[in-house]
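# Commentary on secondary and tertiary structure
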Amino acid sequence: MEFREVVRRRRMVRRYTDEPVDADVVDRMVEHAQRAPSAGFTQGWAFLVLDTPDDVALFWESTGAAPDTRNAWLDGMRTAPVVIVPLASKAAYLERYAQPDKGWTDRDEARWPVPYWFVDSGMAALLVLQTAVDEGLGACFFGIPAEHLGSFRTAFGVPDDHAPVGAITVGHRADRPGAAGSPARRDRRANLVHRGRWGTTVSP
């Protein structure tokens, strides 16, 4: 598929068929994610791949969606056969930039105007979403509720130095799209590009 088509077709998919996802495709998703750029080539990310029914069920239960919890969003999302959780390691970045070729020996987090451990992991997550489109699949990125991070970590043995930036459901798109997302309620914004200086937007 042409790259412009991948970008154009990318949508958050919230309901899936019961067809399994090929394991090789899942491997390509996380392989492509690891090609994302990262500050200092730190590569301070990790990916928890959940692709068995028991692991997927445990994900939903550990993040606050008990089996008897029913709503349109969950009813669709829980049909996904695969969940991928991208995680970011702040410690990896602080350690990398204390090395001789970077030289911030004090490991002071205040030196970072932007938390690139989250930025880089977000870019890696986008490559998972784009790969899903290229493979003819659907995917949806969403957040793990803060109040359930502890139970999620415990369920899967996630260490304290890795923070989930969200989670991604993956599967074959169902004919019915599932719960409507925000694009159904909001128009796509225009006039977001400023050329030369702020305030010089031009309508498309």
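Attention in this report is confined to the structure presented alongside it.

What counts, and at which threshold
Residues numbered from 1 in each chain as written. Predicted model: local features only at pLDDT ≥ 70, side-chain atom pairs only at ≥ 80, totals over all residues. Heavy atoms only, no water. Helix = DSSP H or I, 4+ residues; strand = E, 2+ residues; numbered from the N terminus. Buried < 20%, exposed > 50% of the residue type's maximum accessible area, 1.4 Å probe, protein only. Phe/Tyr/Trp six-rings, centres within 6.5 Å; stacked < 30°, edge-to-face > 60°. Arc of directions from axis to C-beta. Contact = heavy atoms within 4.5 Å. Polar contact = N/O pair within 3.5 Å; in protein donor to acceptor, adjacent residues only side chain to side chain. Salt bridge = Lys/Arg side-chain N within 4 Å of Asp/Glu carboxyl O. Core = buried A, V, L, I, M, F, W, Y, C linked by side-chain atoms within 4.5 Å. Patch = residues over 30% accessible without salt bridge, like charges linked within 9 Å, V, L, I, M, F, W, Y side chains within 5 Å. Areas by Shrake-Rupley, 256 points an atom, 1.4 Å probe, with all protein chains shown as cover. 1 Å grid on protein atoms, 1.4 Å probe; cavity = no way out; pocket = protein on both sides within 12 Å on 5 of 7 lines; lining within 4 Å. Points joined across faces, edges and corners; volume = space filled by probe spheres on them. Nonpolar A, V, L, I, M, F, W, Y, C, P; charged D, E, K, R; others polar. Axes fitted to C-alpha atoms, helices over the stretch in contact; angles between N-to-C directions. Parallel < 35°, antiparallel > 145°, perpendicular 65-115°, else oblique. Left-handed = near helix turned anticlockwise from the far one by under 90°.

On to the overall build of the protein chain. The secondary structure content of the protein chain amounts to seven helices and five strands. Going from the N terminus to the C terminus, the protein chain shows its helices and strands as α-α-β-α-α-β-α-α-β-α-β-β. Oriented by its inertia axes, the alpha-carbon framework of the protein chain measures out at about 50 × 50 × 35 Å. Within the span of the protein chain, comprising 204 residues, buried residues form 37% of the whole.

Counted according to the given criterion, the structure contains 15 aromatic pairs. Aromatic side chains Phe 59 and Phe 142 sit 6.2 Å apart centroid to centroid with 75° between the ring planes, which places their arrangement in the edge-to-face category. Of the two residues, Phe 59 sits in helix H3 (residues 53-62) while Phe 142 sits in strand E3 (residues 138-142), which places them 83 residues apart along the sequence. Pairwise contacts between aromatic rings join Phe 59, Trp 60, Trp 73, Phe 142, Phe 152 and Phe 156 into one cluster.

Moving on: helix H2 (residues 23-33). Within H2, the full set of buried residues consists of Val 25, Val 26, Met 29, Val 30 and Ala 33. Each buried residue of H2 lies within a common arc of 135° when the element is viewed along its axis, so the set occupies one face. Elements in contact with the buried residues of H2: strand E1 (45-50), strand E2 (82-88), helix H6 (116-134) and strand E5 (167-171). By the N-cap criterion, in which a side-chain oxygen at the helix start approaches the backbone nitrogen of a residue two or three places on, H2 is capped by Asp 22, the distance to Asp 24 being 2.7 Å.

Before going further, it helps to examine the pattern of salt bridges. Where side chains of opposite charge bring their charged atoms close, a pairing between them can arise. Under the defined criterion, the tally for this structure stands at seven salt bridges. Glu 135 is paired through a salt bridge with Arg 28; the nearest N and O atoms lie 2.7 Å apart. Placement of the pair is Glu 135 in the loop between H6 and E3 and Arg 28 in helix H2, with a sequence separation of 107 residues. With relative accessibility at 31%, the residue Arg 28 sits in the partly exposed group. A network of salt bridges, in which partner residues are shared, links Arg 70, Asp 75 and Arg 78.

Further remarks concern the side chain of Thr 131. Here Thr 131 shows up in helix H6. In terms of polar contacts, Thr 131 uses its side chain to reach the side chain of His 32, at 2.9 Å. Once residues within four sequence positions are removed from consideration, Thr 131 is found in contact with Arg 28, Met 29 and His 32.

Let's shift gears to the nonpolar core. If you look at the biggest cluster of nonpolar residues, it comprises 21 residues, and the most contacted ones within it are Leu 48, Phe 59, Trp 60, Val 85 and Phe 152. Counting only elements with at least two residues in this core, the list comes to E1, H3, helix H4 (72-77), E2, E3 and helix H7 (149-156). With sequence-adjacent residues up to four places away left out, Phe 59 is seen in contact with Leu 50, Val 83, Val 85, Phe 142, Ile 144, Phe 152, Phe 156 and Ala 167. Formed by 20 residues, the second largest nonpolar core is a distinct cluster that contains Val 21, Val 30, Leu 129 and Ala 132.

Together, Val 114, Tyr 116, Val 119 and Met 123 make up a nonpolar patch on the protein surface, roughly 270 Å² of accessible area in all. On the secondary structure map, Val 119 appears in helix H6. The class of Val 119 is partly exposed, set by a relative accessible area of 32%.

Let us look at empty space enclosed by the protein. Summed over all chains, the structure comprises one cavity of 30 Å³ or more. Taken together, Arg 10, Arg 11, Leu 129, Ala 132, Val 133, Leu 137, Gly 138, Ala 139 and Arg 173 form the lining of the largest cavity. Its residues placed into classes, the lining of the largest cavity shows five nonpolar, one polar and three charged.

Turning our attention to the packing of H3 against H7. The contact between H3 and H7 brings their axes to 8 Å, and the two run at 155°. The pairing of H3 with H7 is recorded here as roughly antiparallel in orientation. Once H3 is placed against H7, the crossing between them reads as right-handed. Two secondary-structure elements touch here, H3 through Asp 55, Leu 58, Phe 59 and Ser 62 and H7 through Ser 151, Phe 152, Ala 155 and Phe 156. Grouping the amino acids of the contact of H3 with H7 by side-chain chemistry returns five nonpolar, two polar and one charged.

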